[in-house]
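Residue-level listing of the chains:
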Amino acid sequence: MKPGRFKYHPPSSKAEALELKARYDVDGSFLAGGQSLMPMMNMRLAQPEALIDLNRVPELSYVEERGDRVVIGALTRHAEAERDALLGAACPLMGEALRHVGHQVIRNRGTIGGSVAHADSAAELPAALAALEAQITVESSSGERVIEATDFFEFHFMTSLEPTEMVTAISVPRLAPTTGFAFLEVSRRHGDFAVAGVAALVRDGRARLAFAGVTPKPLVVETSDPDPAHDAVAAADEVGLADDLAGSSRYRRRLIAVLARRATERARARARGAGEGS
Amino acid sequence: MKERVFGKRMPRTSDERLLRGRGMYVDDVPVRGALEVVFVRSPHAHARITEIDLEEARATPGVHAVYGAGDLGAFDRPLPLLFPHPDLVEPRTQNPIASDEVHYAGQIVAMIVAEDRYVAEDARERVRLELDPLPVVVDVDAALEDGADQVHSDMEGNVSGHIVQQVGDPDAAFRDAHLVLRHRYILERSAAMPMETRGMVAEWDPRGEELMLWNATQVVHPLRSGLAQFFDIPESRIRITAPDTGGGFGVKGFFMYPEEVLVPWAARELRRPVKWIEDRVEHFTASHHERTQIHDVEIAVTEDGVVTALRDEFLVDTGAFVPYGLELGRITAGQIGGAYRIPNIHVGFRGVYTNTVVCTPYRGAGRPHMCFVTERALDDVARALGIDQFEVRRRNFVGDDEFPYRRDGLVTADGFTVIMDSGAYFTQMSMLEEALDMPALREAQAASRETTKLLGVGLACYVESTGGGPYEGAHVIVEPDTGTVRVTTGFTDQGQSHSTTLAQVAAERLGADLASVQVELGDTAKFRWGIGTYASRGAVHGASAVDRAAGTVRDKALRLAANMLEVSPADLEVEDGRISVKGSPGTSVTLGQVAKAAKPDRYGFDNDLAALAALGPAVPRESSDEGPLLHSDEEPGLEATGFFSPQNSTWASGVHAAVIELDTETGAVRFVRYVVVHDCGIVINPLVVDGQVIGGIAQGVGGSFYERLAYDAQGQIQNASLMDFLIPYATEVPEVELHHLETPSPLNPLGVKGAGEGGAIPVPAVAAAAIDDALSAFGVAVRRMPLDPEELMDLAAASGAHSDKGDR
Amino acid sequence: MTDLTGDEVTELTLTVNGERFTREVPVRRLLSDFLRHDLGLTGTHVGCEHGVCGCCTVRVDGTAVRSCLMLAVQAEAADVVTIEGLSKEGEPLHPVQQAFQDAHGLQCGFCTPGFVLAVCGVLEDDSRTELLGDDEIREAISGNLCRCTGYQHIVEAVRIADAKMRPGAAAPESRA
């Protein structure tokens, strides 16, 4: 289990990284935290001609407040984002979702941008970002685009990124104290990818849910029904559910209902708690 | 009186090296210039090789050689059948490299030797292999159907053999039964999965006559014997060392894997050291599996729930070959009846070939199955007759005063009649019940039924034939001057803490200071005879052999010291390495001094004549003149070799109980408590035994709810990575409450029984019983394991347990 | 730069266990292989090479990471600590190492260096005033697989080390 041959480029600036990507196009892969790409390379399931290592581009690593949003640089490690006080205060759903990403040592190295660009349908971040109506900034040597998270994720491991583009930042909204939130998941073992997971936001009695692990891209459901399970399952049925070794579509359908209720309940309780406190 | 070291709960003596990163595992062995091997393995489970083109791979820069079966010459022959049996009528073993037909995905079709593994993997991508797929057999039941596809084209059907045994008169007992229950019980395929994969480094002397093999194996001596035959050279020309080994659990206890002949063979061909370190994905198909058995069981009972007969015909999935014969089935069969009298037994099994990886022992080795069958059957009896799960066991237990308990007609895999040597099953059960506090648990369970998270309490007893197989030996020597005690034995260590426990035995018997004892294991050059570490036999054989050798050394030390101190041996005592006259502690010599006195040559840097003279003669001189320091009848040195071979298996036992919380909405399970009463006879080191038991339980938990090697119909493993084959983390396993019971074995001088496997054996039965109990209001009976959350949720749903509360 | 086998090779300078090394390495060489086979620091073990088992955990610039999921070249100018660097030969064991010894927290020892380094990362976190509870300990070590111990004695070892490294800290609520 050793990687095949590749050319290695460690650019020191974003501009340089984008130039390299423009040169290699689909034959070049960005290497960020490597927690997904390196296993695939070790198994020789991925054999890029060139690796563009982003770990020497410090300008991609930051958490900043911009207006009513928090912007997270793509190279920010999961662990840094998880511990970030600004992000924790402004958008606590992110921290709750991040704690479900792998294990501590994985999060020490894995990056926000890497998870987003990798777009594993069973990963936690895409669902959290879809629930949050996050925006994803992508850049190429010829310019910048901002894409809604719900448009960014297209299918398993597929996004609306062009071959010459890189995810450079994501921005999430500051949540009002009266917005309830919750992230729950069912995984086989602690730290495993979600068999089914859900990010939930509740505002003014209305729930916005985004599920991980059940459909090729985050499944977003908005509902005002006191029991959100019905709408969630109906939305899932329209798309068709994943059916694999981790769980059949029938099992996932059941989990969607359970998680929808449990997450909404928790989010509602938090929204109420905040309301009473203020 | 000084505190004994034998029986003491104490930390291990040999950890510092490992904790500082100074262990030497096989991939750490510093062999200069070693080339590295990568194997090309069949991607198909059953196919005919139509073409294999190795030329492009050979041309890869950095590649030294690429071998196919045709390159092996006379060595292209079947690997040995280790355990022939008259009823094993269709034995098949594989050749080192497949040449014509491949029988499982992962079978070796070529071998690449290169500068390093990176380059070898580059070359592997350039091998062109064309295969003509043949029908694949994966399902054991389907393999037995009329007209089933053939795993081996050259035989009829897929059954390798059928072995039947009988105790008493089961037919009559079934005729007279009040009630007969019939059920099918199943355990599925799993694997040992040690954290270190297999691996080896082979190096020949420049003439190509002597082989040095470092191998992560549990069995150095048997492998030496096999390789001597394979290469047709004397055993004395082969040295095999098992360095520090990162876990074994049986998968490294098999020997004559194809790689074990191919790597040494290539090293001789190339006149270079050659190394193969298995990678993790490769491990899933290159190293053996175990577990799939299907049992069709009939139980005859009286109206009081006394089981009068058990009939079990079962199927053992052996995988594509049977190099280990039908031993797994034989071990299973030998455990039938468990802790219960059950006077009439019929047990038979068939070995069934499938196009899958070969199955050989994994911790428990056939025993979890029979425990599952027997314990689940007892629970089925309890359910059918409305008897409590504790009570039904008490009505059937072998009495505490009924040992030794014989089952004439039934033999262990070693060929001994099953005679359970000692035990105290009633006592064991009482200890468990007391620890559990059932009334409180039943209350908590009732409360849980108001929620969607149901509590269940399950228990299972097990017995385990331990310490099988022939002898082990040990050599004990006291080094002159330093008094260091060196214990050397042939069997191996994969983490079982033998260095500490054997040191405890030697120190205790010898009267030596524990810190002065050093233990060496697993090297054919250091101890000439041995078998290996498997079947929970290290303590039974190895510790008994050390005890014998140390006893002989002690006797000699006392004999010599008696002469040195001019007293009778009976007047002497040994403590902390010093032999002193009872009641006169000032008059003494150290073991090191005696060892020096027992040396014909006392010369060295410290030739203080007065000091040497003061040591005195070790034995009466033959004349009053200057004579030899050692009597001519006495061998030099303070050393001895001891061997031990038990007359029969020792039977360890235990009872485990689990309190499990089942989330009926998601199928998630959580262990609330896990309580164990464990009896492995006399315990040498309780801390070490705790570690063995708890570790075994974690593997059992894996086999109950997480680990399942999932083959698809094409014979491909669908979860061949640690991402998908779910070994539990710390977050999935219970905190174990452990109680020891010690019923000494009469079959060895220390009274010990094996402890290595017991922890793993009953867990699937315990877990299944707890799930039953959680859903007991709904009439669920779990008769197959493992269960994943989806299956658990289905059980809950089918039972109706969540239809009424699932909406909360 | 390429070597005879066609690999792109580069020069790498880094600090490992306080010692500075400069070596030529193929760019595809994994950090785990570089530490083990180029520097001879074989205390870092390799159990899966896909980032699950945690045996290869080392600390890079203070952070515990999987060395099988990093290229050696990515450690350019980094400060790497392996198990061999945690306590010097002849000096007492690090409290975490000592606790593993005292609690019988290791059997075969193969996973141990990875556990010890991951645990050090957790226990050195200064933001904590309470000792870790058992659930937190289990969570903290849940990125490392052990096939021998069933984890119970490892949990005990972490409990002992935590108490030793944080004298005077309050007991966790779960055990208070």
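Look up: the structure comes first, before these words.
The rules we used
- Residues numbered from 1 in each chain as written.
- Chains lettered and ligands numbered in written order.
- Predicted model: local features only at pLDDT ≥ 70, side-chain atom pairs only at ≥ 80, totals over all residues.
- Helix = DSSP H or I, 4+ residues; strand = E, 2+ residues; numbered from the N terminus.
- Rg over C-alpha atoms; globule rule 2.2 N^0.38 Å.
- Buried ≥ 20, exposed ≤ 12 C-beta atoms within 10 Å, placed from the backbone.
- Contact = placed C-beta atoms within 7 Å.
- Pairing = 2+ DSSP bridges.
- Axes fitted to C-alpha atoms, helices over the stretch in contact; angles between N-to-C directions.
- Nonpolar A, V, L, I, M, F, W, Y, C, P; charged D, E, K, R; others polar.
- Core = buried A, V, L, I, M, F, W, Y, C linked by C-beta atoms within 7 Å.
- Expected span 1.5 Å × (residues − 1).

**Some words on the overall build of chain A**
And then number 1: Helix and strand counts for chain A stand at 11 helices and 14 strands.
And then number 2: Taken over the C-alpha trace, chain A has a radius of gyration of 19 Å; the compact-globule value for 278 residues is 19 Å, and the two agree within 12%.
And then number 3: Along the three orthogonal principal directions, the C-alpha set of chain A runs to about 55 × 45 × 30 Å.
And then number 4: With 278 residues in all, chain A has 57% of them scored as buried.
And then number 5: Considering only intrachain contacts with a sequence separation of at least 6, the fraction spanning at least 24 residues in chain A is 62%.

**Some remarks on the sheet that holds strand β9 (residues 199–204) of chain B**
All names here are of chain B.
And then number 1: Taken in spatial order, the 7 strands of this open sheet run β3-β5-β1-β12-β9-β10-β11, and their pairing is mixed. Taken across any chain shown, the strands that pair with only one partner, and hence form the sheet edges, are β3 (63–67) and β11 (238–241). Taken pair by pair, the neighbouring strands of this sheet meet at an average axis angle of 20°, ignoring direction.
And then number 2: Of the strand pairs in this sheet, β9 and strand β12 (residues 274–277) are connected by 4 bridges, and their pairing is antiparallel. Paired with Ala202 across the two strands is Val274, which belongs to β12.
And then number 3: With respect to the sheet, helix α6 (residues 220–231) is in contact with β10 (211–215) and β11, its orientation differing from that of β11 by roughly 150°.
And then number 4: Against the sheet, helix α7 (residues 258–270) contacts β1 (35–41), β3, β5 (108–114), β9, β10 and β12, and its axis sits at roughly 30° relative to β9.

**Digging into the interface of chain B and chain C**
And then number 1: In this assembly, 46 residues from chain B lie in contact with 48 residues from chain C.
And then number 2: Contributions of two or more residues to the side of chain B that touches chain C are made by α1 (15–19), α3 (117–124) and α18 (686–706) of chain B.
And then number 3: The residue makeup of the side of chain B that touches chain C, split by class, is 21 nonpolar, 13 polar and 12 charged.

**Examining the environment of Phe321 of chain B**
All names here are of chain B.
And then number 1: Position of Phe321 among the secondary structure elements: in the loop between β14 (307–319) and α9 (327–334).
And then number 2: Accessibility expressed as a C-beta count within 10 Å gives 25 for Phe321, which makes it buried.
And then number 3: Expressed as a C-alpha distance, the spacing of Phe321 and Asp481, which sit 160 residues apart in the sequence, is 55 Å.
And then number 4: Ignoring sequence-local partners within four residues, the contact set of Phe321 consists of Arg92, Thr93, Gln94 and Val358.

**So, the nonpolar core**
And then number 1: Counting 398 residues, the largest nonpolar core has Ala200 of chain A together with Ile112, Ala506, Val594 and Ile771 of chain B as its most contacted members.
And then number 2: Top element by residues in this core is helix α15 (residues 538–565) of chain B. It accounts for 13 residues.
And then number 3: Here Ala200 of chain A is in contact with Ala131, Phe181, Ala182, Ala207, Leu209, Ala263, Thr264 and Ala267 of chain A, once residues within four sequence places are set aside.

**Re the interface of chain C and chain A**
And then number 1: With 23 residues of chain C in contact, the opposing surface of chain A contributes 22 residues.
And then number 2: If you tally residues by element for the side of chain C that touches chain A, the top one is strand β4 (residues 63–66) of chain C, at 4 residues.

**Section: helix α3 (residues 112–123) of chain C**
And then number 1: Counted at 1.5 Å a residue, the expected span for α3 of chain C with its 12 residues is 16 Å, and the 16 Å between its end C-alpha atoms agrees.
And then number 2: Thr112, Pro113, Gly114, Phe115, Val116, Leu117, Ala118, Val119, Cys120, Gly121, Val122 and Leu123 of chain C are the residues of α3 of chain C that are buried.

**Observations regarding the pairing of strand β4 (residues 63–66) of chain A**
All names here are of chain A.
And then number 1: Examined bridge by bridge, β4 and strand β5 (residues 69–73) share 4 bridges and lie antiparallel to one another. In the sheet register, Glu64 faces β5, and the bridge partner there is Val71.
And then number 2: In textbook terms, the turn of a hairpin is the stretch between consecutive antiparallel strands, and for β4 and β5 this stretch comprises 2 residues, one of which, Gly67, has a positive phi near 65°.

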